[in-house]
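Structural description and commentary
Here is how the chains run, residue by residue.
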Amino acid sequence: MADIIQLLPDHVANQIAAGEVVQRPASVVKELLENAIDAGSSTIKLIIKDAGKTLIQVIDDGKGMSATDARLSFERHATSKIRSAEDLFSLNTKGFRGEALASIAAIAHVELKTKLEQDELGTLIEIEGSTIKNQDMVVTPKGTSLSVKNLFFNIPARRNFLKSNNVELRHIIDEFHRVALAHPDITFSMYHNGSESFNLPESNYRQRVVNIFGGKTNEKLVPVEEETEVLKISGFVGKPEFAKRTKSEQFFFVNNRFIKSAYLNHAINSAFEGLVKEGSHPSYFLNLTVDPKSIDINIHPTKTEIKFDDEHTLYAILRSSVKHSLGQFNIAPVLDFERDNNLDTPYSYRDKNATTPKVEVDRSFNPFQEEKSPVSSRGLTQTYRKEPAAQWESLYVGLESKGTKTDSDFSEVEFESDPEKTSLFSDDVTTETVQTTYQLHNKYIISTIKSGMMILDQHRAHQRILYEGFLKHLTVKEAVSQQLLFPLTLEFSSTEMTVLQQLKEDLEHTGFVFSSFKDSTIEITGVPVNVPESEVSIILEQLISDIEQEVPDSNFSATDLLAKSMSKSLAIKTGQSLTTIEQEHLVNSLFACKEPSVSPTNRVTFITMSVDDFDKKFM
């Protein structure tokens, strides 16, 4: 039998590796930014066009590469980060696999410009699908500039599976945030389609968080500091009252590397237990520093998952550290409800010694000394005499006079005659209204029908009614708006503002009126008729959460998702009592819908039970 096992060509192996390393444009952004950091850069610039589909360029001022290194960097498993297998247990760099540039070059047009500081000229390399098209000397500043154009040009199926530009841009911004937060000592900037999206100067960690997520984030942060033999923790958690409906502000960094860990996230949630509402997620920006030998990063190509030697210890330390910070800054409630806050010793004075208070005595004070009478400007003594208070009878003096009547005489006063009430029916005819709907446990509405009985879920039914109403307004683009007496100002992070900017037109079609859309704040002057002003922020936060989780691709699905999200937020909740008129209106409105049998999420809105079903129960 002939031999059938053979080595794959390099370009085929590179495309297979690219399927793991490069899943979308955001993956390229992550790899290039991390390479720039490993090069010792102090300034990094990210340039994006068409959400990374046309161009992704990263420019840094790092140490650069020689001509030989520049050519070798695009080979598989070629890296400067490690030398031997032992180096995997003491990693201090972002990358170490040596697969990123080879994988990117296999599926895109890549242009590399790089120069060492001591060289006069740099190196230019152009690659298309793993094939080197050109290598030449070029004039370029110190550092590296790497451009990735036409991503997935030779894999059309992968390119077709990419989402819309808005969705891909959000993923790129997420990766940019993760890298920028981990390195506040580096200046970052980002440009999309020629406009500046972020400009983050070198700063401390708190200022970097504020620069990314908005100016008012500063008042929401609670510092967390703890250092043990096993773990060092530094960073911030958000105050419980500012918990969000999304997990967009939850960041773990281990040795300056962003990670995802459901186990450590549970430790944070348990520390906030009882402080945040159900369905809300606390914000945190925490840096964990551990011994590199106690973690394993090499378990996934994206390097966002890490295995720890002793997860239980890290869980306990992290949970107690966050609890301590919340209690230390009077965020968590105390059991002594009658405690006077004025008696608390400030935290900054806990190590200061008490000092003996000084007593000042006025030795010239004589309590028996007679006071001199006040003298006027003319030198004469002014005397004052207190007038006796008038009696209450004096208030009525003068009210009675000759020729007047003391009692009020209303005989000459004329009043308007009462309006005559007319009735369509004679007095002897009485009408009786028969109640046909009943509410059960403030959750279900029971209504009688010819064949038996109908049981309706009030929350799902109202969702269906609102959903079709919003969908009509969004498609017909005509909605009634209720103007607010005072404008409502809300603040969101840059990522959330991007989502709202995309949905602004659709929101206006539902009845929202925006007077201004600034960097991190929006001003609302009008809301839909059936939307209370107090619930506007909740509706928008829920909408952002739904958009980020379901990731719509087309305008139709975005419109549909907007209608679903708003109907879910505004629908009658379980436990709300309804009057008989409201119950009947809900039933009638439901059966006026096109699809009354299911909710917008395809769940049953009502069930029916016939008389035969009841008869069987009593057999």
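1. Describing the overall build of the protein
The helix and strand tally for the protein stands at 15 helices and 22 strands. Counting every position in the protein, which comprises 619 residues, the buried fraction comes to 41%. Considering only contacts within the protein whose residues lie at least 6 apart along the sequence, 68% involve residues at least 24 apart. Accessible surface, the protein: about 38200 Å² in total, of which carbon and sulfur atoms supply 50%.

2. Observations concerning the side chain of R178
Tracing the sequence through the fold places R178 in helix 6 (residues 165–182). Residue class for R178 comes out buried when judged on its relative accessible area of 18%. Side chain to side chain, R178 and E175 meet in a polar contact 3.2 Å long. When near neighbours in sequence (up to four residues on either side) are disregarded, R178 contacts F251, F253, F258 and K260.

3. Comments concerning a negative patch on the surface
A surface patch of like charges, here negative, comprises D291, D309, D310 and E311. Tracing the chain through its elements places E311 in helix 9 (residues 311–328). For E311, a relative accessible area of 30% puts it in the partly exposed group.

4. Some words on the pattern of salt bridges
Taken as a whole, this structure holds 5 salt bridges when the rule is applied. D457 serves as the salt-bridge partner of R460, at 3.9 Å between the closest nitrogen and oxygen. Look at D457 and you get buried, because its relative accessible area is 10%.

5. Remarks on the environment of L72
Note that L72 resides in helix 3 (residues 67–72). Between the C-alpha atoms of L72 and A102, which are 30 residues apart in sequence, the distance is 9.7 Å.

6. As for the nonpolar core
Ranked by size, the top nonpolar core spans 56 residues in total, and within it L32, L46, V148, F188 and M190 carry the most contacts. Looking at this core, the element that brings in the most residues is helix 6, giving 8 residues. With residues up to four places along the chain from it excluded, the contact list for L32 reads I56, V58, L101, I104, L146 and V148. The next biggest cluster of nonpolar side chains, apart from the first, holds 31 residues, and it includes L466, Y467, V531 and I539.

7. Let's talk about empty space enclosed by the protein
Scanning the model with the defined rule gives 2 cavities of 30 Å³ or more in all. Quantified by volume, the second largest cavity comes out at close to 60 Å³. Along its surface, the second largest cavity is lined by T217, K220, L221, G238, K239, F242, A243, E249, S283 and F285. Partitioning the lining of the second largest cavity into residue classes produces 4 nonpolar, 3 polar and 3 charged.

8. Comments concerning the packing of aromatic side chains
Under the counting rule described, the total for this entry stands at 14 aromatic pairs. Between F512 and F514, the aromatic rings sit 6.1 Å apart at their centres with planes inclined by 15 degrees, giving stacked as the arrangement. Summarising the burial analysis for this pair, F512 and F514 share the class buried. Ring pairs connect the aromatic residues F213, F251, F253, F258 and F285, which therefore count as one cluster.

9. Here's the deal with the pairing of strand 13 (residues 284–289)
The buried fraction of strand 13 amounts to 5 of the 6 residues, a majority that puts the element mostly inside the structure. Relative to strand 13, strand 10 (residues 232–238) runs antiparallel, the two sharing 6 bridges. Looking at strand 13, one finds that S234 is bridged to N287. Pairing analysis gives 5 bridges linking strand 11 (residues 250–254) to strand 13, with the strands arranged parallel. Looking across to strand 13, one finds that F253 is bridged to N287.

10. Overview of the packing of helix 2 (residues 25–38) against helix 6
For the pair helix 2 and helix 6, interaxial distance at closest approach is 8 Å and the crossing angle is 20 degrees. Taken together, helix 2 and helix 6 sit at an angle that is classed as roughly parallel. By crossing handedness, the relation of helix 2 to helix 6 is classed as right-handed. The residues of helix 6 that touch helix 2, namely those facing P25, A26, V29, K30, L33 and I37, are E168, H171, I172, E175, F176 and V179.

11. Quick notes on helix 9
For helix 9, with 18 residues, the first-to-last C-alpha span of 25 Å sits near the 26 Å given by 1.5 Å per residue. Taken together, the buried positions of helix 9 are L314, Y315, I317, L318, S321, V322, S325 and L326. Elements in contact with the buried residues of helix 9: strand 9 (221–227), strand 10, strand 11, helix 8 (262–271), strand 13 and strand 15 (307–308).

12. Description of the sheet that holds strand 20 (residues 513–517)
Across the sheet, 3 strands lie side by side as 19-21-20; this open sheet has antiparallel pairing. On the outer flanks of this sheet lie strand 19 (481–491) and strand 20, each paired with one strand and no other. Taking the axes of each pair of neighbouring strands and ignoring which way they run, one obtains an average angle of 15 degrees across the sheet. In the sheet, strand 19 pairs with strand 21 (residues 521–528) via 7 bridges, with the strands oriented antiparallel. Bridge assignment links Q483 to a residue of strand 21, and that residue is G526. Packing of helix 11 (residues 494–510) onto the sheet brings it into contact with strand 20 and strand 21, and relative to strand 20 it is tilted by some 150 degrees.

About the thresholds
Residues numbered from 1 in each chain as written. Predicted model: local features only at pLDDT ≥ 70, side-chain atom pairs only at ≥ 80, totals over all residues. Heavy atoms only, no water. Helix = DSSP H or I, 4+ residues; strand = E, 2+ residues; numbered from the N terminus. Buried < 20%, exposed > 50% of the residue type's maximum accessible area, 1.4 Å probe, protein only. Contact = heavy atoms within 4.5 Å. Areas by Shrake-Rupley, 256 points an atom, 1.4 Å probe, with all protein chains shown as cover. Polar contact = N/O pair within 3.5 Å; in protein donor to acceptor, adjacent residues only side chain to side chain. Patch = residues over 30% accessible without salt bridge, like charges linked within 9 Å, V, L, I, M, F, W, Y side chains within 5 Å. Salt bridge = Lys/Arg side-chain N within 4 Å of Asp/Glu carboxyl O. Lys, Arg positive; Asp, Glu negative; His and termini not counted. Charge placed at Lys NZ, Arg CZ, Asp CG, Glu CD. Core = buried A, V, L, I, M, F, W, Y, C linked by side-chain atoms within 4.5 Å. 1 Å grid on protein atoms, 1.4 Å probe; cavity = no way out; pocket = protein on both sides within 12 Å on 5 of 7 lines; lining within 4 Å. Points joined across faces, edges and corners; volume = space filled by probe spheres on them. Nonpolar A, V, L, I, M, F, W, Y, C, P; charged D, E, K, R; others polar. Phe/Tyr/Trp six-rings, centres within 6.5 Å; stacked < 30°, edge-to-face > 60°. Pairing = 2+ DSSP bridges. Axes fitted to C-alpha atoms, helices over the stretch in contact; angles between N-to-C directions. Parallel < 35°, antiparallel > 145°, perpendicular 65-115°, else oblique. Left-handed = near helix turned anticlockwise from the far one by under 90°. Expected span 1.5 Å × (residues − 1).

These values are about where atoms sit, not about what they do.
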